[in-house]
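Below are the chains, spelled out letter by letter.
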Amino acid sequence: MPMNRRERLLTVLHGGVADRIPWNCYAWLVPQNEASRRLQEKGLSLMGTRRIFREVVSGVSVREETVLEGGETIYRTVIETPAGTLTQRAIREKGYGSLWIREYFIKGVQDYPAAEYLFTHTHCEPDYAPWVEADREMGEAGIVVGEIMPVPIMTLMVNWMGVEGLAEGIYEHTADFEALLDALTVLYMQQMQIAAESPAEIIWFGDNVTGTIISPRLFERYIAPTYARALEVLRPAGKIPIAHYDGSNRPLMKCLARTALPVIEAFTPPPGGDLSVAEAKAAWPEKVVWVNFPAGMFLEDEEVIFNYTLGLLEESAPGGRLVMGCTEDFPFEHFEKTFTAIGRALAAYEGREW
């Protein structure tokens, strides 16, 4: 009996072989139109996310405000703690509504005490209801993953201090930086326990680690031990973590091989990335590779996309352990053309009618 879209995806994430190669897109990227409905009927599945925890803060005041500066809307957040005040300024990017930080909370080592106070006076509690409702709504169309914070060093970089601040902390204020990282890791491990006890089977590590910023040495020092602790909690509970790696993976290929991560998600092959799926599968014989279709390919003609996808499948699909996905923003006007070409290539590779 043919599998439905949810069963197909879960089978592969569990390390099994499905009746067809799972084909997936982040749910919030898919337009609500007839083309989308038609493609889903032909096998395109969806992935939704819902945070499964909430943060409770004590002894801290948080104020959010919107101000106009030079004709631009600025979203300003002020966190007042007994150890100091943290301020962030950000804008909303017009295309997809992403928050772009103009001024980070942590501007230097002088802000570490306030941030550390905030982290140590925060604790995480389960919040499963949003996931349960989203999973019910998703049904057989796909999966909803349980979302937690990214691995602590990436959370610090992306949300709190930026790349330059991260480098300054690691190399100029190592002891203070590692104390701050340890405080955030306590919250991360609280979330791991919440994830282990949650109804969500798939847990999303939205880490966005890239070898252009995180070297193998930094990975082994700050990320590998954290993954090991996290998986000790999740795997006995039957959870499947999927780690988001859509950047430069070649420098980290051996590092990732040494982890027990079962799924590398958002893996972007050339021309977007620097490592082929075939190389990754050879280096990670026990891992599932969840491909992110390169965004630049959306601009090509349909037949170019079809031939690229077919070549990718012929190189990468043997042996299973593959999900064909789309995990990043793309031009909406190219949705129908591109996903039709990908679907046609999947059907041709598997010998099915389209």
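Residues numbered from 1 in each chain as written. Predicted model: local features only at pLDDT ≥ 70, side-chain atom pairs only at ≥ 80, totals over all residues. Heavy atoms only, no water.

Student: Can you lay out the overall build of the chain for me, pointing to particular residues and giving the numbers?
Tutor: When you go through the chain residue by residue, the secondary structure sums to 11 helices and 14 strands. A globule of 354 residues ought to have a C-alpha radius of gyration of about 20 Å, and the chain, at 21 Å, matches this closely. With the C-alpha coordinates aligned to their principal axes, the bounding extent of the chain is approximately 65 × 50 × 40 Å. Every one of the 354 residues in the chain was classed for burial, and the buried ones make up 52%. A separation of at least 24 residues holds for 69% of the contacts in the chain among residues at least 6 apart in sequence. Summed over all atoms, the accessible surface of the chain reaches about 15,400 Å², with 51% contributed by carbon and sulfur. Of the charged side chains in the chain, 32 are positive and 49 negative; the average position of the first set lies 3 Å away from that of the second. (Helix = DSSP H or I, 4+ residues; strand = E, 2+ residues; numbered from the N terminus. Rg over C-alpha atoms; globule rule 2.2 N^0.38 Å. Buried < 20%, exposed > 50% of the residue type's maximum accessible area, 1.4 Å probe, protein only. Contact = heavy atoms within 4.5 Å. Areas by Shrake-Rupley, 256 points an atom, 1.4 Å probe, with all protein chains shown as cover. Lys, Arg positive; Asp, Glu negative; His and termini not counted. Charge placed at Lys NZ, Arg CZ, Asp CG, Glu CD.)

Student: Can you lay out the packing of helix H2 (residues 34–41) against helix H11 (residues 335–350) for me, pointing to particular residues and giving the numbers?
Tutor: Relative to each other, H2 and H11 sit at 10 degrees, their axes nearing to 10 Å. Compared by their axis directions, H2 and H11 come out roughly parallel. Residues Ala35, Ser36, Arg38 and Leu39 of H2 form the contact with H11, whose participating residues are Phe335, Glu336, Phe339 and Thr340. Taken together, the residues of the contact of H2 with H11 break down into 4 nonpolar, 2 polar and 2 charged. (Axes fitted to C-alpha atoms, helices over the stretch in contact; angles between N-to-C directions. Parallel < 35°, antiparallel > 145°, perpendicular 65-115°, else oblique. Nonpolar A, V, L, I, M, F, W, Y, C, P; charged D, E, K, R; others polar.)

Student: An account of unusual backbone geometry is requested, with residue identities and associated values reported.
Tutor: Following proline 270, the chain continues to proline 271 via a peptide bond in cis, the omega torsion being 10 degrees. Position of proline 271 among the secondary structure elements: in the loop between strand S12 (263–267) and helix H9 (277–283). One non-glycine residue, asparagine 208, lies in positive phi territory at about 55 degrees. Structurally, the position occupied by asparagine 208 is in the loop between strand S10 (202–205) and helix H7 (216–234). Residue classification places asparagine 208 among the partly exposed residues on the basis of a relative accessible area of 36%. The phi dihedral of alanine 266 falls on the positive side, at around 70 degrees, and the residue is not glycine. You can see alanine 266 is positioned in strand S12.

Student: Which residues make up the sheet that holds strand S6 (residues 84–92), and what values do they have?
Tutor: Read from one edge to the other, the open sheet built from 4 strands follows the order S4-S5-S6-S7, with strand pairing classed as antiparallel. Two strands close off the open sheet at either side, each with one partner strand: strand S4 (61–69) and strand S7 (99–103). If you compare each strand with its neighbour and ignore which way they point, the axes differ by 30 degrees on average. Where strand S5 (residues 72–81) lies against S6, 7 bridges are found, and the strand directions are antiparallel. Each residue of the ladder has a partner; that of tyrosine 75, found in S6, is alanine 90. Sitting on the sheet, helix H3 (residues 112–120) is in contact with S5 and S6, with an inclination near 85 degrees to S6. (Pairing = 2+ DSSP bridges.)

Student: Outline the packing of aromatic side chains, supporting the account with residue identities and numerical values.
Tutor: How two aromatic rings sit relative to each other is given by the distance of their centres and the angle of their planes. All told, the structure shown has 18 aromatic pairs when counted by the stated rule. When the ring of phenylalanine 119 is compared with that of tryptophan 160, the centres are 5.2 Å apart and the planes differ by 90 degrees; the resulting orientation is edge-to-face. Of this pair, phenylalanine 119 sits in helix H3 while tryptophan 160 sits in helix H5 (residues 152–172), placing them 41 residues apart in sequence. On the basis of relative accessible area, tryptophan 160 is assigned to the buried category, the value being 11%. Their ring planes at 5 degrees and their centres at 4.7 Å tell us that phenylalanine 298 and phenylalanine 330 sit as a pair that is stacked. Note that phenylalanine 298 is positioned in the loop between strand S13 (288–292) and helix H10 (302–316) and phenylalanine 330 in the loop between strand S14 (322–326) and H11, a separation of 32 residues in sequence. Taken as a pair, phenylalanine 298 and phenylalanine 330 share a single burial class, namely buried. Feature note: the residues Trp23, Phe293, Phe298, Tyr308, Phe330, Phe332, Phe335, Phe339 and Trp354 constitute an aromatic cluster, connected by ring pairs. The positively charged end of lysine 42 is found above the aromatic ring belonging to tryptophan 354, 4.6 Å away from the centroid. Lying over the aromatic face of tyrosine 75, arginine 92 brings its terminal NZ or CZ to 5.6 Å of the ring centre. (Phe/Tyr/Trp six-rings, centres within 6.5 Å; stacked < 30°, edge-to-face > 60°. Lys NZ or Arg CZ within 6 Å of the ring centre and 35° of its normal.)

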